[in-house]
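Each chain, written out:
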Amino acid sequence: MPLPENISVRYTEDEAGYISVRPVVRQSFQLAELADMVVSVAGKNAARVAQIFRAGTVVYNGYRYWWEGFSAQHDEISALLAPFPEDDASRPFRAEEVAAVILETGGGTQRTAVELTREEADRRRLLRRRTPWDCLLELARASQPHYESYSYAQRGLSFDAGSQLLRELLEAAPRSLRVRLAALRPLAALIFLCPRARGERLSLDVRKA
């Protein structure tokens, strides 16, 4: 049986295992749209993508999606995943190409992440010499972030280094950005997002420090 071209999907806000009273939304996904969401969760892993298709459920960006599960052959999944970019660990890290940085604290169920774009973090606080973006890129140049593949290997920051960086960010940040940073605990890791143009599709290489 060929893969379905359109899939009827329902979704609601994920309640972390509790019975949800949120409204359920129904939407029709094209197969490529569903694959794009599943790959965002599982990576370009044919076996894992096939497993999620068959299970008929995935949690993505705080929402739980479910559909009538379907089976797929390995060659069908491989063809579906072919347009997605491959990891390229040979690409050198260039600080000037970084478009955004994700600040991570904690881990597991305690993980908190805040994404800062270059535009919002490169604003200078009154009478301050450095911007928050300067603080982040200084650390990037000093720590030589390693390429992050779908194995999600972590090196992370020490407690002292994470605490010091958070203090520097708060000192350099303008008021609007300080509000977002104030609730963070000492940073555990930084994820640098570097755009990579591939035809008309923009993908992101991820490096972690």
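Please refer to the structure higher up on the page.
Read on for an overview of the structure. (Residues numbered from 1 in each chain as written. Predicted model: local features only at pLDDT ≥ 70, side-chain atom pairs only at ≥ 80, totals over all residues. Heavy atoms only, no water.)

1. With respect to the pairing of strand S1 (residues 6-13)
Successive residues of a regular strand alternate their side chains across the two faces of the sheet. Note that S1 and strand S2 (residues 25-30) share 6 bridges and pair antiparallel. For valine 9, the partnering residue across the bridge sits in S2 and is glutamine 27. As defined by bridge partners, S1 adjoins strand S4 (residues 63-66) across 4 bridges and the pair is classed as antiparallel. Pairing of arginine 10 across the sheet is with tryptophan 66, part of S4. (Pairing = 2+ DSSP bridges. Helix = DSSP H or I, 4+ residues; strand = E, 2+ residues; numbered from the N terminus.)

2. Regarding the pairing of S4
As paired strands, strand S3 (residues 57-60) and S4 are joined by 4 bridges and run antiparallel to one another. Within S4, the position partnered with valine 59 by the bridge is arginine 64. Once S3 ends, the chain turns through 2 residues before running back antiparallel as S4, passing asparagine 61 with a positive phi of about 50°.

3. Focus on the pattern of salt bridges
Two side chains carrying opposite charge are able to pair once their charged atoms lie near each other. A complete count under the given rule lists 3 salt bridges for this structure. In this structure, glutamate 138 and arginine 130 form a salt bridge, with 2.5 Å as the shortest nitrogen-oxygen distance. Exposure remark for arginine 130: the relative accessible area of 19% places this residue in the buried category. With a closest N to O distance of 3.5 Å, arginine 130 and glutamate 168 form a salt bridge. Here arginine 130, found in the loop between helix H4 (118-121) and helix H5 (132-143), pairs with glutamate 168, found in helix H6 (residues 159-172); they are 38 residues apart in sequence, far enough to count as distant. (Salt bridge = Lys/Arg side-chain N within 4 Å of Asp/Glu carboxyl O. Buried < 20%, exposed > 50% of the residue type's maximum accessible area, 1.4 Å probe, protein only.)

4. Quick notes on helix H1 (residues 31-42)
The terminal C-alpha atoms of H1, which comprises 12 residues, lie 16 Å apart, in line with the 16 Å expected from a rise of 1.5 Å per residue. Every buried residue of H1 is listed here: Leu31, Leu34, Ala35, Met37, Val38, Val39 and Ala42. Those residues of H1 that are buried lie in contact with S1, S2, helix H2 (46-55), S3, S4 and helix H3 (74-81). (Expected span 1.5 Å × (residues − 1). Contact = heavy atoms within 4.5 Å.)

Everything listed here is a matter of coordinates, which is why it stays silent on function.
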